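One-letter residues, chain by chain:
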Amino acid sequence: MAEERGHFGSKLGVILASAGSAVGLGNIWRFPTEVGKNGGAAFILIYLLFVLLLAMPVMIGEFVIGRHSRANTVSAYQKLAPRTPWVVAGLMGVLSGVLILSFYSVVAGWTIDYSMLSLTGQLSGDYDFGAIFGSFVSHPTRPIIFLVLFLLVTHVIVARGIETGIEKFSKLMMPMLLMIIVLLVVLSVTMPGASEGLSFLLQPDFSKVTAPVVFSAMGQAFFSLSVGIGCLVTYASYFNQDTKLVSSAFNVCIIDTMVAILAGFIVFPTVFSAGMRPDAGPGLVFVTLPYVFNEAFSAMPLLGDLFSILFYVLLLLAALTSSISMHEITTAYIKEHFKMSRERAAQIVTGICVVLGIFCSLSFGPWAEVKIFGMGFFDLFDFVTAKFFMPLGGILICLFVGWVMKKDVVREELTAGTTISPALFHFLLFLIRVAAPVFIAMVFLYELFGEKLLG
Ligand code: PFF
């Protein structure tokens, strides 16, 4: 007999699990990195606009597909539009989930190592942190051990199921994560010299806005909100009939955006107060911050240690609540499509991600010379998912909900458990049907062919 599908047990569980998926390395590691590289406040404003007008409609669309079909992201399209090519949108999501989880686990593995280094006091002192980071990530085995450890923890949570695994874990972790963030923000903005960092975050300089900056902001919005690859289709398939889709999506977007901006408030005031540069790229939180913790807290080394421990544990927890959601996309698909037990399906996903994750990890060291389209595995997986599959998936999800599903069904889903005004309904429908797909397509095509088109 088929195993029960499972469902979230409470409304709070729905919000915390979905917000847990959204809040992750994307907020605390990728967001400050992108803000630092792309000029600060102006990037943030464009990002906010994209969250509201592009990523949130896609999120609502995913919720509608998931709850209405009550199926994994591939079967959802098969159920709602049988024998059509739409199933490809689902399969693309499954593939993206595996690719993202593979490179994501590499960085998550680094956070385990850095949590341990800071717990044992090895990040406080006069060290060359660039060299420490460089020799760690290029080591042939050490990062792999942590990446596998991270995937095993993810595996254990997912294998326990929806209510007792994913929901329970998110309910435990998310409040802890929010508390750590608030504490770190308070410590960070009260440091001497923090104001320069604050103005970097708050005063826009629009001369920095170029086409690649706009494209990066869109990729970041999709990545951060976990939209475009069916992750939230999968989660919504476990929602109850009275879960309010619009307000849940809104709450998740607010929580995710707040955390990203607070992460900026943690990173930049400290970076500027220690006289460092904000555009160090992916090394920002692993190379720049250890210097910062030492510099900024040189008079109070214990506080510096505390800051550093809390920061890396925060990264690790955030990574876990997201990795379980990526894992679940493919686990749910394999379990339901091939009629397997959850445990067995999860084992297959973990196995694939361990292998691909090792490829990604090796691209920082022994395989540094192995390039596909000029990129190592890590960069390649990041590039094709955040810049290709997610926007493309976003367009397909909007078109599916807006033009393939019946308007009455969409209305029923959006109003279940609540009422929304006709004006809001039509506005949302317009965003989903026209505005979001057209705009995403424009940004996407411009980035791919812009230079050629404009000569
Ligand atoms: N939103 C996550 C983050 O910001 O770290 C990453 C992510 C999770 C992307 C789940 C995609 C996904 F399906």
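I will try to describe carefully the structure that is included in this document. (Residues numbered from 1 in each chain as written. Predicted model: local features only at pLDDT ≥ 70, side-chain atom pairs only at ≥ 80, totals over all residues. Heavy atoms only, no water.)

Let's shift gears to the overall build of the protein chain. The secondary structure content of the protein chain amounts to 18 helices and zero strands. Taking 2.2 N^0.38 as the reference for a compact globule, 455 residues should give roughly 23 Å; the C-alpha atoms of the protein chain span a radius of gyration of 21 Å, in line with that estimate. Once the C-alpha set of the protein chain is aligned to its principal axes, its extents read approximately 65 × 50 × 45 Å. Looking at the protein chain as a whole, 59% of its 455 residues qualify as buried. Sequence-distant contacts in the protein chain: of pairs separated by 6 or more residues, those separated by 24 or more amount to 82%. Here the protein chain has roughly 17,700 Å² of accessible surface; of this, 69% comes from carbon and sulfur atoms. Counting 26 positive and 27 negative side-chain charges, the protein chain places the averaged centre of each group 11 Å from the other. (Helix = DSSP H or I, 4+ residues; strand = E, 2+ residues; numbered from the N terminus. Rg over C-alpha atoms; globule rule 2.2 N^0.38 Å. Buried < 20%, exposed > 50% of the residue type's maximum accessible area, 1.4 Å probe, protein only. Contact = heavy atoms within 4.5 Å. Areas by Shrake-Rupley, 256 points an atom, 1.4 Å probe, with all protein chains shown as cover. Lys, Arg positive; Asp, Glu negative; His and termini not counted. Charge placed at Lys NZ, Arg CZ, Asp CG, Glu CD.)

Around the ligand sit 17 residues in total, of which A22, G26, Y104, F223 and S226 are the nearest. Residue L25 places a main-chain N or O atom 3.1 Å away from an oxygen atom belonging to the ligand. The separation between a nitrogen atom of the ligand and a polar main-chain atom of F223 is 2.8 Å. In isolation the ligand has 340 Å² of accessible area, and contact with the protein removes 100% of it. Contributing elements (two or more residues each) for the shell around the ligand: helix 1 (11-22), helix 2 (25-37), helix 10 (211-224) and helix 14 (301-337). Among the elements that line the shell around the ligand, the one with the most residues is helix 14, at four residues. For the shell around the ligand, the residue count by class is nine nonpolar, eight polar and no charged. (Near = heavy atom within 4 Å. Polar contact = N/O pair within 3.5 Å; in protein donor to acceptor, adjacent residues only side chain to side chain. Nonpolar A, V, L, I, M, F, W, Y, C, P; charged D, E, K, R; others polar.)

On to the pattern of salt bridges, then. Counted by the stated rule, this structure contains nine salt bridges. Residues K171 and E167 are paired through a salt bridge, measuring 3.5 Å at the closest nitrogen-oxygen approach. Here E167 and K171 lie together in helix 8 (residues 162-189), a separation of four residues that amounts to about one turn. In this structure K171 comes out as partly exposed when scored by relative accessible area, which is 34%. Notably, a salt bridge pairs D279 with R277, separated by 2.7 Å at the nearest N-O pair. Given a relative accessible area of 56%, R277 falls into the exposed group. (Salt bridge = Lys/Arg side-chain N within 4 Å of Asp/Glu carboxyl O.)

As a further point, take the nonpolar core. Within the largest apolar cluster, 167 residues are counted, with the highest numbers of intra-cluster contacts made by F286 and F311. Residues in contact with F286, not counting those within four places in the same chain, are W29, V107, W110, T111, Y114, F133, Y312 and L315. (Core = buried A, V, L, I, M, F, W, Y, C linked by side-chain atoms within 4.5 Å.)

Before going further, it helps to spend a moment on unusual backbone geometry. One can expect most non-glycine residues to show negative phi and most peptide bonds to be in trans. Positive phi is not limited to glycine here, since R70 has a value of about 50 degrees. Along the chain, the position of R70 falls in the loop between helix 3 (41-69) and helix 4 (73-80). Using a relative accessible area of 29% as the deciding quantity, one classes R70 as partly exposed. The phi torsion at F373 lies on the positive side, around 50 degrees, for a residue other than glycine. Note on placement: F373 falls in the loop between helix 15 (342-362) and helix 16 (377-404).

Looking now at the packing of helix 7 (residues 142-159) against helix 15. Running from N to C, helix 7 and helix 15 point in directions that differ by 160 degrees, and their axes come no closer than 10 Å. One way to sum up the angle between helix 7 and helix 15 is to call them roughly antiparallel. Note on packing geometry: the crossing formed by helix 7 with helix 15 is right-handed. Between helix 7, through P143, I144, L147, V148, L151, H155, V158 and A159, and helix 15, the contact on the second element is made entirely by R342, E343, A346, Q347, T350, C353, V354, G357, I358, S361 and L362. (Axes fitted to C-alpha atoms, helices over the stretch in contact; angles between N-to-C directions. Parallel < 35°, antiparallel > 145°, perpendicular 65-115°, else oblique. Left-handed = near helix turned anticlockwise from the far one by under 90°.)

Another point: the packing of aromatic side chains. A full pass over the atoms with the stated rule returns 38 aromatic pairs. Above the plane of the ring of F223 lies R30, whose end atom (NZ or CZ) is 4.8 Å from the centre. When the ring centre of W403 is taken as origin, the NZ or CZ atom of R433, which lies over that ring, is 4.4 Å away. (Phe/Tyr/Trp six-rings, centres within 6.5 Å; stacked < 30°, edge-to-face > 60°. Lys NZ or Arg CZ within 6 Å of the ring centre and 35° of its normal.)

Turning our eyes to something else, we now look at the state of the cysteines. For the coordinates displayed, the defined rule picks out zero disulfides. Its sulfur unpaired, C360 is 9.6 Å from the next cysteine sulfur, which belongs to C353. You can call C360 buried: its relative accessible area is 0%. Cysteine C398 is unpaired, with the sulfur of C253 as its nearest cysteine sulfur at 13 Å. (Disulfide = S-S within 2.5 Å.)

This brings us to helix 6 (residues 129-137). Note: α-helices contain 3.6 residues per turn, so residues at a spacing of three or four share the same orientation. When helix 6 is considered as a whole, its buried residues turn out to be F129, F133, F136 and V137. The arc enclosing the buried residues of helix 6, seen along the axis, measures out at 90 degrees, which places them on a common side. Looking at the buried positions of helix 6, the neighbouring elements they touch are helix 5 (87-119), helix 7, helix 13 (284-296) and helix 15. Its side-chain oxygen at 3.3 Å from the backbone nitrogen of G130, D128 defines the N-terminal cap of helix 6. (Arc of directions from axis to C-beta.)

Turning our eyes to something else, we now look at helix 2. For helix 2, which comprises 13 residues, the first-to-last C-alpha distance of 17 Å matches the rise-based estimate of 18 Å (1.5 Å per residue) to within 8%. Approximately 35 degrees is the largest bend angle found in helix 2, and it occurs at F31, with the proline P32 only one to four residues beyond. Buried residues dominate helix 2, accounting for 12 of its 13 residues. Buried within helix 2 are the following residues: L25, G26, N27, I28, W29, R30, F31, P32, T33, E34, V35 and G36. (Expected span 1.5 Å × (residues − 1). Bend = angle between axes of the 7 residues up to and from the residue.)

This is a description of form; function is not addressed.
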